[in-house]
Amino acid sequence: MNITTKDILDAFNFRYACKKFNKNKKISESDFNTILEVARLSPSSFGFEPWKFLVIENQALKDKLFPISWGAQNSLNGASHFVILLARKKIDTLADAPYITHIMKDIKHMPQDVMDMMRQAYSNFQQNDFNLLESDRAIYDWASKQTYIALANMMTTAAMLGIDSCPIEGFNSKAVEELLAAEGVLDSEHFGVSVMAGFGYRDEAPHREKTRQALADIVTWVK
C-alpha cells in the first residue's frame, strides 16, 4: 500500500458535512460500489453485522422523506446518492436469535462446539458486561452504534476518492420508519432507522475552516 500519512490527513481535512451538493455531478458506479463495499467490510461487535443499507434512488420516496427529514433536505435535493443505515432490533440480536445462528453457521462457518462457546460468551457480554438486556432500547442502541462504524468508514473512503458526504441525524425517526414500512422497504419488526448520509460532490466551498480542539485537550496518556 502506497498511502502516506499526508494522504490520510488530507482526506480528513477535505471532508466536511456538505450542505450543498452539485445536482448535476454523479458518483461513478465503481466509486460508489467501493463505498458500499467498505461498509460491508466494516467491523462490528462479535462480527454479527447488525445492519442493512438502503440506497434511496426513487424520487417519489425522496419527496416523501423531505418534510420529515429536516437534516437531510440538502442531501435529498442534490446528493448523487442517499443512504439510510438500518440497525437490527432485539429480535435479531439476542444470543439465541435465528439471525445470530445464521451468521455463525452460514457466514462464519463455525462448527457446533465453537458456536456454543461463542453464543455463551455473547450472552454473558449482553447480560453482564454491557447490561444490554435492561431494555429493548439498550440493545437496539448497541446495534445502532455498529452502523456508525460503517458510516465513518464510508465517509472516509469517500473523502479519499474526492467525494463529499454528509452524515444525518436530523429526522423524525418514527415518521421515517412508518413511511419506509408503508413503502415496503423496511421490515419494522427487525430493523429501525439508525442514521442517514448523502454522498456526492460539493457545489460550494465550506463556509469556514475546520475547527477542532487541540490534541492535548482530548488525549490523556496513561503511563
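Notes on the structure follow. Every chain's residues receive numbers from 1 upward, in the order its sequence appears when written. In keeping with the predicted nature of the model, local features appear solely for residues at pLDDT of at least 70, side-chain atom pairs appear and are counted solely at 80 or more, and the whole-chain, interface and lining totals rest on all residues. Values shown for side chains rest on all heavy atoms present in the structure; no hydrogens or waters enter the calculation.

### Observations concerning the nonpolar core
Part 1: In this description, a nonpolar core means a group of buried Ala, Val, Leu, Ile, Met, Phe, Trp, Tyr and Cys residues linked to one another through side-chain atoms lying within 4.5 Å. Partly exposed residues are those whose accessible area sits between 20% and 50% of the maximum for their type, while under 20% is buried and over 50% is exposed, using a 1.4 Å probe and protein chains only. Judged by nonpolar contacts, the single largest core of 23 residues is most densely connected at Leu65, Phe82, Ile84, Leu180 and Met196.
Part 2: Strands are runs of DSSP state E lasting at least two residues, helices are runs of H or I lasting at least four, and both sets are numbered from the N terminus onward. Elements that contribute at least two residues to this core include exactly α3 (59-65), β2 (81-88), β3 (164-168), α9 (173-182) and β4 (191-200).
Part 3: Excluding residues within four positions of it along the chain, leucine 180 makes contact with Leu54, Leu61, Ile84, Val185, Leu186 and Val193. By the convention used here, residues are in contact when the closest approach between their heavy atoms is within 4.5 Å.

### Some details on the pattern of salt bridges
Part 1: A pair is scored as a salt bridge if a Lys or Arg side-chain nitrogen falls within 4 Å of a carboxyl oxygen belonging to Asp or Glu. Counted under the stated rule, the structure contains 9 salt bridges.
Part 2: For lysine 20, the salt bridge goes to aspartate 203, with nearest N and O atoms at 3.8 Å. A residue pair is termed long-range when its members are at least 10 positions apart, and lysine 20 in the loop between α1 (5-14) and α2 (29-40) and aspartate 203 in the loop between β4 and α10 (215-218) qualify at 183 residues.
Part 3: Classification of lysine 20 as partly exposed rests on a relative accessible area of 40%.
Part 4: The shortest N-O distance in the salt bridge between aspartate 164 and arginine 202 comes to 2.6 Å. Of the two residues, aspartate 164 sits in strand β3 while arginine 202 sits in the loop between β4 and α10, which places them 38 residues apart along the sequence.
Part 5: Using a relative accessible area of 2% as the deciding quantity, one classes aspartate 164 as buried.
Part 6: Under the relative-accessibility criterion, arginine 202 is labelled partly exposed at 24%.

### Section: α2
Because an α-helix completes one turn every 3.6 residues, residues spaced three or four positions apart along the sequence face the same direction.
Part 1: A helix is expected to reach a length of 1.5 Å times the quantity of its residues less one. The end-to-end C-alpha distance of α2 is 16 Å, a good match for the 16 Å that 12 residues give at a rise of 1.5 Å each.
Part 2: When α2 is considered as a whole, its buried residues turn out to be Phe32, Ile35 and Ala39. Buried residues in α2, looked at end-on, bunch into an arc of 50°, giving them a common side. Residues Glu29 and Ser30 are exposed on α2 and point more than 90 degrees away from its buried face. It is the directions from the helix axis to the C-beta atoms whose arc is reported.

### Regarding a nonpolar patch on the surface
Part 1: Among the surface-exposed residues, Met1, Ile3, Ile8, Phe12 and Met160 lie close enough to one another that they form a single nonpolar patch of about 560 Å² accessible area.
Part 2: Here methionine 160 shows up in helix α8 (residues 136-160).
Part 3: Judged by its relative accessible area of 40%, methionine 160 is partly exposed. Patch members must show over 30% relative accessible area and no salt bridge, and they are joined within 9 Å when carrying like charges or within 5 Å when they are nonpolar side chains of Val, Leu, Ile, Met, Phe, Trp or Tyr. Accessible surface area values rest on a Shrake-Rupley calculation with a 1.4 Å probe, where residue burial reflects the displayed protein chains alone.

### Some points on the packing of aromatic side chains
Part 1: Each aromatic pair joins two rings of Phe, Tyr and Trp (for Trp, the six-membered one) with centres within 6.5 Å, and gets the label stacked for planes under 30 degrees apart, edge-to-face for over 60, and tilted for any other angle. For the structure on display, the rule yields 9 aromatic pairs.
Part 2: When the centroid spacing of 5.9 Å and the interplanar angle of 45° are considered together, the rings of tryptophan 51 and phenylalanine 53 count as tilted.
Part 3: The exposure class assigned to phenylalanine 53 is partly exposed, which follows from its relative accessible area of 22%.
Part 4: Ring centres of tyrosine 122 and tryptophan 142 lie 6.2 Å apart, and the angle between their planes is 45°; on these two criteria the pair is classed as tilted. In this pair, tyrosine 122 sits in helix α7 (residues 112-129) while tryptophan 142 sits in helix α8, placing the two residues 20 residues apart along the sequence.

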